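Observations on chain architecture
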Amino acid sequence: MLRLSKLTDYATVILSHMAREADRLHGTFELAEVTGIAQPTVSKILKILTKAHVVVSVRGAKGGYALAREPGRITVATVISALEGPIALTECSASHKGCDQASGCRIQGNWHLINQKIANALESVTLADMVSPFKQPEEVYISVNQLFR
């Protein structure tokens, strides 16, 4: 199963809230209150995201955090990479050095293909997409007769 860490999940929740009000600074206490995430965890995530240049920090009495770019220019892949490291499904997708089987592996290129498709999909979704209202796809009806032609 592909699974992201809780910190990455929390980061998307925090960033989504910030994206809804991208024109202002957000404090850690405010973000903790509106998201329900503990304030120390919010601070930890924001520190990581600042280091990755996803958010910027403004010091001072009226300081806080803001998105480093507009929500439409911050991808889900960027957020995942900031918290999890490079997007890689297998060891060979990240580095050839981590796999003892790399020299004789005949499917290594296919793992790279799969990894690239997933990375492209994650690059195609932005924070702006994450905060836009979800639209249920329209149902398509196909008659049973068309299935057996």
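Since the model is a prediction, treat every value here as computed from it, not as a measurement.

A separate point is the confidence of the model for the protein chain. For the protein chain, mean pLDDT is 88; residues scoring 70 or higher make up 87% of the total. The element-level mean pLDDT for the protein chain is lowest in helix H5 (residues 91-94), coming to 65, with helix H3 (residues 39-51) highest at 98.

Evaluation of the coordinates by the stated rule reveals two salt bridges. Between glutamate 21 and arginine 24 there is a salt bridge; the shortest N-O distance is 2.6 Å. Judged by relative accessible area, which is 32%, arginine 24 ranks as partly exposed. Across the salt bridge formed by arginine 24 and glutamate 30, the nearest N and O atoms sit 2.8 Å from each other. Counted as one network, the salt bridges with shared partners bring together Glu21, Arg24 and Glu30.

Structurally, histidine 17 is set in helix H1 (residues 6-20). Excluding residues that lie within four positions of it along the chain, histidine 17 makes contacts with Arg24, His26, Glu30, Leu31 and Val34.

In an α-helix, one turn spans 3.6 residues, which is why side chains three or four residues apart end up on the same side. In a regular helix each residue adds 1.5 Å, so 15 residues correspond to 21 Å; H1 covers 21 Å between its end C-alpha atoms and thus fits that length. Taken together, the buried positions of H1 are Thr8, Ala11, Thr12, Ile14, Leu15, Ser16, His17, Met18 and Ala19. Looking at the buried residues of H1, the elements they touch are helix H2 (28-35), H3, strand S1 (55-58), strand S2 (64-67), helix H4 (76-84) and helix H7 (127-131).

Now for the pairing of S1. Bridging between S1 and S2 involves four bridges; their strand directions are antiparallel. Paired with valine 55 across the strands is leucine 67, a residue of S2. The turn joining S1 and S2, which pair antiparallel and follow one another in sequence, is formed by five residues; a positive phi near 115 degrees is taken by glycine 60.

The phi angle at histidine 53 is positive, at roughly 65 degrees, despite the residue not being glycine. On the accessibility criterion, histidine 53 (58% relative accessible area) is exposed.

Next up on the list: the side chain of histidine 26. Note on placement: histidine 26 falls in the loop between H1 and H2. Among the polar contacts listed, one links the side chain of histidine 26 to the backbone oxygen of glutamate 21, at a separation of 2.9 Å. Polar side-chain contacts of histidine 26 include one of 3.2 Å to the side chain of glutamate 30.

Criteria and cut-off values
- Residues numbered from 1 in each chain as written.
- Predicted model: local features only at pLDDT ≥ 70, side-chain atom pairs only at ≥ 80, totals over all residues.
- Heavy atoms only, no water.
- pLDDT = per-residue confidence, 0-100.
- Helix = DSSP H or I, 4+ residues; strand = E, 2+ residues; numbered from the N terminus.
- Salt bridge = Lys/Arg side-chain N within 4 Å of Asp/Glu carboxyl O.
- Buried < 20%, exposed > 50% of the residue type's maximum accessible area, 1.4 Å probe, protein only.
- Contact = heavy atoms within 4.5 Å.
- Expected span 1.5 Å × (residues − 1).
- Pairing = 2+ DSSP bridges.
- Polar contact = N/O pair within 3.5 Å; in protein donor to acceptor, adjacent residues only side chain to side chain.

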